[in-house]
Amino acid sequence: FDIEVTNTSDVIDGVTATISGLDPSWVQLVVPVVSLFPEATATLTLRLSLPDDCLAGEYLVTARVVSVVDPDRWSDHEFWLSVLPLHAASMKLKPSVVVGKRSARFDLLVRNEGNVPLDLALTVTDPTREARTTITPANLVVPAGETRSAEVDVSGKRPWFSQSVTRDFEVTATHPEVELETRGSFTQRPRIARGVI
């Protein structure tokens, strides 16, 4: 945004601007100092770069224009900054592959990369329907910028002989504005290994 500044003194002056009400690292002055002759007018341009996890809402921001010649000469201007909701998230299984016997447990990690809380409905499915899958909890509320976890349990009928059996499954997290998917697998070793036979 631009701030139009007029030098009302009778000497050459330089002016700069500062912002309060926001993290200073989000604000950049395109030209740090603008020189002005008496009665001259110039423009200070400020660029705001908000991070994705800046919480949605209304922010009262104050722009202060200050003389670099006489710091006692300044002028404040207030404005409202509206940050719109951003719905974004990521999800992963830890670990994503387990080799075991009758059952396995996976940790599902969901990170909210947006700026509003997310209430996600979690489901886990086995395309073959040969494994039993559960997820706890079935709903997960993740505050903005934070990570929450759920537990995925997978079990199935363990083979007696022959080779190992792999149970692939899919986890989904849904919200009116977000849909996430991730996959994992559970490999069950037989009760009696081929080497023993």
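Quick look at the structure, then. (Residues numbered from 1 in each chain as written. Predicted model: local features only at pLDDT ≥ 70, side-chain atom pairs only at ≥ 80, totals over all residues. Heavy atoms only, no water.)

## A closer look at unusual backbone geometry
In the segment running from K94 into P95, the intervening peptide bond is cis, with an omega of -10°. Within the secondary structure, P95 is located in the loop between β8 (89–94) and β9 (97–100). Even without glycine at this site, E39 takes up a positive phi of about 70°. Here E39 lies in the loop between β4 (34–36) and β5 (41–48). Residue classification places E39 among the exposed residues on the basis of a relative accessible area of 59%. (Helix = DSSP H or I, 4+ residues; strand = E, 2+ residues; numbered from the N terminus. Buried < 20%, exposed > 50% of the residue type's maximum accessible area, 1.4 Å probe, protein only.)

## What to know about the environment of V142
Turning to its location among the elements, V142 is positioned in strand β13 (residues 139–142). Between the alpha carbons of V142 and A89 there is a distance of 9.4 Å; along the sequence they are 53 residues apart.

## Things to note about the sheet that holds β8
Hydrogen bonds between backbone atoms are what pair the strands of a sheet, whose relative direction is either parallel or antiparallel. Strand order in this open sheet of four strands is β8-β10-β14-β12, and the pairing throughout is antiparallel. Of all the strands in the sheet, the pair left with one neighbour each is β8 and β12 (131–136). Pairs of neighbouring strands in the sheet enclose a mean axial angle of 20°, with direction left out of account. Pairing geometry for β12 and strand β14 (residues 147–156), over six bridges, is antiparallel. (Pairing = 2+ DSSP bridges. Axes fitted to C-alpha atoms, helices over the stretch in contact; angles between N-to-C directions.)

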